[in-house]
Amino acid sequence: MNDRNTTGARSVSNGSEIRAPRADAARNRDQLLAVATRVFASADAEPSMRAIAREAGVGIGTLYRHFPTRESLVDAIYQDQVRRLTTGAHELLGQLPPATAMRRWMDLFGDWIATKNGMLDTLLAMIESGDIAHAQTRTELLTAITTILDAGTVAGDLRSDVTAEDIAASLIGIFTVAPRPKREDLASRLLNLLLDGLRPTDRLA
């Protein structure tokens, strides 16, 4: 429908104009999510919602408008990180050789672990209450690792006798003794050693 404003100019209501506010809201939400993820990943203890809003340069009301509770924010970050890990496996394989893709994926996993550590109390409470399906997440992550392992077996640059569970356990061990970002150098060294152990023996000769 076409209307005329008081100056006689037409204002046209079309799909793009209707979607624009929604697109802006989605973009603002994504920006808040990115800042909150960074704050949680670098925090020694769970940051307050007010601290997150301050870091994002917005009022606390703006943060609560997008994420009404701490739990809703934690859930959004958690699901976003898991999605990055699951889709990341395919995206990395589309760009890199399997062994290199595996090493890059390990870094994504480290980012996820660091973020989890900053919101651990809330996350554990949500897992206990059933608000987050931890078992499903574990299955999705193991599937992502298997995807890269299978591609590496076919290409001949990753061992065929290693399981996704082996790698997941190794990564958890590494990031327990070398948490990021505080011990980034040690974490990188250990990840490189892990990758070396995943290569077929003839590739190391």
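Predicted, not measured: the structure shown is a model, and the values here were computed from it.

Participant: For this particular structure, what's the right way to read the packing of aromatic side chains?
Facilitator: Describing an aromatic ring pair means giving the distance of the ring centres and the angle of the ring planes. On inspection of all chains with the given rule, the structure shows 4 aromatic pairs. For the ring pair Trp105 and Phe109, a centre distance of 5.7 Å and an interplane angle of 35° mean the geometry is tilted. With Trp105 and Phe109 both in helix α5 (residues 98-118) and 4 residues apart, this pair spans about one turn of that helix. In this pair, the class of Trp105 matches that of Phe109, namely buried. An aromatic cluster is built from Tyr78, Trp105, Phe109, Trp112 and Phe175, whose rings are joined through pairwise contacts.

Participant: Please clarify how the pattern of salt bridges should be interpreted in this entry.
Facilitator: When their charged atoms lie close together, side chains carrying opposite charge are able to pair. One pass over the full model with this rule turns up 6 salt bridges. Among the salt bridges present, the one from Arg83 reaches Asp80, with a minimum N-O distance of 3.5 Å. Highlighted residues: Arg83 and Asp80, both in helix α4 (residues 70-93), separated by 3 residues, approximately one helical turn. Judged by relative accessible area, which is 45%, Arg83 ranks as partly exposed.

Participant: It is not clear to me how the confidence of the model for the protein chain should be interpreted in this structure. Could you clarify?
Facilitator: Parts of the model with low pLDDT should not have their predicted coordinates read in detail. The predicted model of the protein chain averages 86 in pLDDT, with 88% of residues at 70 or higher. In the predicted structure, residues 1-18 sits below a pLDDT of 50 and forms 11 contacts with residues beyond four places in sequence or in another chain.

Participant: Looking at this structure, how should I read the environment of Ile60?
Facilitator: The residue Ile60 is located in helix α3 (residues 60-66) in this model. Between the alpha carbons of Ile60 and Arg50 there is a distance of 5.8 Å; along the sequence they are 10 residues apart. Residues within four places of Ile60 in sequence aside, it is in contact with Met49, Arg50 and Ala53.

Calculation rules
- Residues numbered from 1 in each chain as written.
- Predicted model: local features only at pLDDT ≥ 70, side-chain atom pairs only at ≥ 80, totals over all residues.
- Heavy atoms only, no water.
- Phe/Tyr/Trp six-rings, centres within 6.5 Å; stacked < 30°, edge-to-face > 60°.
- Helix = DSSP H or I, 4+ residues; strand = E, 2+ residues; numbered from the N terminus.
- Buried < 20%, exposed > 50% of the residue type's maximum accessible area, 1.4 Å probe, protein only.
- Salt bridge = Lys/Arg side-chain N within 4 Å of Asp/Glu carboxyl O.
- pLDDT = per-residue confidence, 0-100.
- Contact = heavy atoms within 4.5 Å.

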